[in-house]
Amino acid sequence: MKLSQREIDLLKLALEGAEETTIPQLKKQLKLSVHQIRYAIDKVNRFLVEKKLNQIFIEKDRLVIEQRGKVKEEFDFFISHTTPEQFKFTAEQIEYFILLKLLLSDERLPINYFIETLSTSRTSVVNVLERITRELAEEEIELSNVPRKGYIIEEYSFKRFSYFIAILKKMINIREIYSFYYQDNLYSKAGDLVFFDLFDLDILFDSLGETIQYSKQMTSDIDDTNFLFLTILNYKYRELINTFEMTNRTTKLQMISNFISEIKQNDPNQMENINLAKRLIRYINRELADVFEMKDFKVESNSLLHHIQRFIFRQENGIPFRDIDSEFLVKDHKNLYYVIFAAIRSFQNGMFDKVEAPEAALITLYYITEIEKKAPKVFKAPRILIICGEGRAISSVLKVKISNLIDSKWIDTISVFEFETPLLDHYDLIITTVKLPEVESDKVLYSENVFSEIFFEQIKMKLSVMGSSLVTQRLGKLSQIMNAIAEEVNDDINMNRLEAKIIKILASNLLQKDRPDKQNFIFDSSMLKYHQESQSWHNAIRISGQELLSKHSIEEKYINKIISNIENFGSYMIIAPGVLLAHASERDGVLNNGFSMHVFNEPIIFPGENVFPVSVIITIAVKNRESYHVVEKIVQWVLDEETIFSLADKKNKLRIEQMVRNILMMQEV
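Since the structure is predicted, the reported quantities are computational estimates derived from the model, not experimental observations. Sequence order as written defines residue numbering, which begins from 1 separately in each chain. Local features in this predicted model are restricted to residues whose pLDDT is 70 or higher, and side-chain atom pairs enter the listing and the counts only when it is 80 or higher, whereas totals over whole chains, interfaces and linings include all residues. Hydrogens and water are ignored here; the side-chain numbers use all heavy atoms of the structure.

Focus on the side chain of Glu547
Stated formally: Each helix corresponds to a stretch of at least 4 residues labelled H or I by DSSP, and each strand to a stretch of at least 2 residues labelled E; elements are numbered beginning at the N terminus. Here the term buried applies to any residue with accessible area under 20% of the maximum for its type, exposed to any over 50%, and partly exposed to those in between, with areas from a 1.4 Å probe on protein chains only. Polar contacts, as counted here, are pairs of nitrogen or oxygen atoms within 3.5 Å of one another; within protein the pair requires one atom able to donate a hydrogen and one able to accept it, and residues that are adjacent in sequence qualify only if both atoms are side-chain atoms. The criterion used for residue contact is that any of the two residues' heavy atoms lie within 4.5 Å.
With respect to the helices, strands and loops of the structure, Glu547 is situated in helix α23 (residues 537–550). Given the relative accessible area of 7%, Glu547 is considered buried. A distance of 3.0 Å separates a polar atom in the side chain of Glu547 from a polar atom in the side chain of His598. When residues no more than four places from it in sequence are discounted, the contact partners of Glu547 are Ser526, Met527, Lys529 and His598.

Written out as structure tokens, the structure is:
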């Protein structure tokens, strides 16, 4: 682990000072808050643990270093092998930070503030400020500059704060915000700069907590942008409450209060006047019917209505929308796009005549989706690549789900470590659970939660825009199920046997005949367990891997790797609401194929945004690639709602065990 400049300064001060170094002294000399100091100490302790040294701790406001000599020796060695270049920020990070600080601050910020914070030259800061002034002017946000006093944005508006959110999302991933809130854990230099130099941490923590509690009470999901928007408004409100010397403080407090109230009153399902949204949809339908000469043309859906409501809200509050490349998304439906764009601008004598191309493109996408549901399909098979963090299990799982849309023979899977940039030319769509470094392409679709319904809708939209045919059912499986029912329907019907047959049919992959029929898996009744007590997610993962460890299916490092992957990549292992498939790569300590399932009465909270509490943890170890089809079978079974209900009841233990045996193709003992 590497220490940042902040941790180096703290440890250097503590080692060079007297043994009675106190927290107040560190606050004063380092100009840090107590929270910042505690976070820096946590990072130093991780460094010391790696060096097998005792951790630093705080005792009655005093910093205690038990192995001072050895700590100094390791610290000096680290410093001697560390260059100043490691602490420099990129030009992009510098520009983003300056822009974010100006958008957030209510005080004039002099050039020297940015020079000291970013450890960069005056010329660099001046050049950035000139660019930012022009950029903000294009957004109709005025940046005021008084020589020798500094820069400030005085106007409060939705536009100012929405632009702040847009830049913040470019600088750091929202997953890092959740990780920092729940675990005090940062994994990027940009994140360190944002949290410790952009915000007041105590206010930020309170604001995040309040927004999280509000989002849990929502009747529907709150998306990342709205979550951050409400967090920042809460932050500004709390910041203003703590500020008394500002001349226009009362006015700004009232404006922020109004913003927050308006957002909280506007549930995403009731974002704006529903009747206005319905009138706009009817108007667009009429325009499309006239242009394309289609009688009784009508596109209606709750998702379209919901989006039009959000569109109206953004238009009336001057919130720009730039999250999509309109040219790419509508390239195969340009005529439809042009008609919809013109219709929006002409609606009710130009009510939305200022609408921009990305908004019209997104509305067009909703129309494409609805039209695709009714229109006959012409098959055009895109090549799809699925990438996951470690190993292939999640990639295989997602492949199963997408194969309900596209024949699986057009879908390939790899780990992130196998990805190379030239692969972009060989695939039409790349779906990844991990952000690909230095890769910017419209072909890449990324999500932290690839099994969310929202993300699945994005995939369907992408495929629809490509002109792909969406497969809905595999009739071969239906035929097999009907045959199984016919075989079992008699006077002595065995429902358990029939259910097991159906599960086996659903779990099979009919499109890949060359897969081996049987793979040896370690599994017995002791590896299906029910737990009453509550657990942290770390403990739950360790408990779930214990039987595999004791039965020599895996090594200890396999469990550690699962935990590390969740910490680094988020909760991408959640494959269905309440179900997590714990796994790592075969190279991470798999000795033999193994399977265990643990059901927790008290749901477990895993890190990440919009993450379902987990009640079932399936731990699977796969020794060779030929066995990955078993993972697909397990997932197909678990994705069935009936399975989830069955797992929740301990009375079904024997039946669940038998189903697992059938899926693993094991003989009953």
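Moving on from the model shown.
As for the sheet that holds strand β8 (residues 444–446)
Rules: Two strands qualify as a pair provided DSSP detects at least 2 bridges between them. In this description, a line fitted to the C-alpha atoms serves as the axis of each element, helices being fitted only across the stretch in contact, and the angle between N-to-C directions of two axes falls anywhere from 0 to 180 degrees.
Strand order in this open sheet of four strands is β6-β5-β7-β8, and the pairing throughout is parallel. Unpaired on one side and paired on the other, β6 (411–415) and β8 mark the two borders of the sheet. Going across the sheet, the axis of each strand differs from the next one's by a mean of 20 degrees, ignoring polarity. Sheet topology places strand β5 (residues 384–388) next to β6; five bridges connect them, and they run parallel. Each bridged residue has a counterpart across the sheet, and for Ile387 the counterpart in β6 is Ile414.

Points about helix α10 (residues 189–198)
For α10, the tally of buried residues reaches eight of ten residues, placing the bulk of the element in the interior. For α10, the complete set of buried residues consists of Ala190, Gly191, Asp192, Leu193, Val194, Phe195, Phe196 and Leu198.

Here's the deal with unusual backbone geometry
For Ser119, which is not a glycine, the phi torsion comes out positive at approximately 50 degrees. Within the secondary structure, Ser119 is located in the loop between α6 (111–118) and α7 (122–138). Among the residues examined, Ser119 registers a relative accessible area of 65% and is labelled exposed. Positive phi, close to 60 degrees, is recorded for Glu140, a residue that is not glycine. On the basis of relative accessible area, Glu140 is assigned to the exposed category, the value being 62%.

Details of the packing of helix α5 (residues 91–104) against α6
The condition is simple: Throughout this description, any angle smaller than 35 degrees is read as roughly parallel, any larger than 145 degrees as roughly antiparallel, any in the 65 to 115 degree range as roughly perpendicular, and the remainder as oblique. For any pair of crossing helices, the crossing counts as left-handed if the nearer helix is rotated counterclockwise from the farther one by less than a right angle, and right-handed if it is rotated clockwise. Residues are sorted three ways: Asp, Glu, Lys and Arg are charged, Ala, Val, Leu, Ile, Met, Phe, Trp, Tyr, Cys and Pro are nonpolar, and all the rest, Gly among them, are polar.
Between α5 and α6, whose axes approach to 12 Å, the crossing angle comes to 135 degrees. Our classification of the angle between α5 and α6 gives oblique. Crossing handedness for the pair α5 and α6: right-handed. Contacts from Ile94, Phe97, Ile98, Lys101 and Leu102 in α5 reach Tyr113, Phe114, Thr117 and Leu118 in α6. Here the contact of α5 with α6 is built from residues that sort into seven nonpolar, one polar and one charged.

A few points about the confidence of the model for the protein chain
This is how the line gets drawn: How sure the predictor is of each residue is captured by pLDDT, a score from 0 to 100.
Mean pLDDT for the protein chain: 78, with 78% of residues reaching 70 or above. Counting contacts from residues 469–479, a segment whose pLDDT is below 50, to residues more than four positions away or on other chains yields 23 contacts. Segment residues 509–517: pLDDT under 50, and 17 contacts once partners within four positions in sequence are set aside and those in other chains are kept.

Brief notes about the pattern of salt bridges
Applicable threshold: Put simply, a salt bridge is a Lys or Arg side-chain nitrogen that is within 4 Å of an Asp or Glu carboxyl oxygen.
Scanning the model with the defined rule gives 13 salt bridges in all. As a salt-bridge pair, Arg131 and Glu95 come within 3.0 Å of each other at their nearest N and O atoms. Residue Arg131 is located in helix α7, and its partner Glu95 is located in helix α5; the two are separated by 36 residues in the primary sequence. Here Lys252 and Asp106 are joined by a salt bridge, their closest N and O atoms 3.3 Å apart.

Here we look at a positive patch on the surface
We apply this condition: Note on patches: the residues involved have over 30% relative accessible area and no salt bridge, like charges join within 9 Å, and the nonpolar side chains Val, Leu, Ile, Met, Phe, Trp and Tyr join within 5 Å. Methods summary: accessible areas were calculated by the Shrake-Rupley approach with a probe of 1.4 Å, and residue burial reflects only the protein chains presented. The charge count includes Lys and Arg as positive and Asp and Glu as negative, but it does not include His or the ends of the chains. Every charge is mapped to an atom, namely NZ of Lys, CZ of Arg, CG of Asp or CD of Glu.
On the surface, a cluster of positive charge is made up of Lys278, Arg279, Arg282 and Arg286. Within the element layout of this structure, Arg279 appears in helix α14 (residues 274–292). Judged by relative accessible area, which is 35%, Arg279 ranks as partly exposed.

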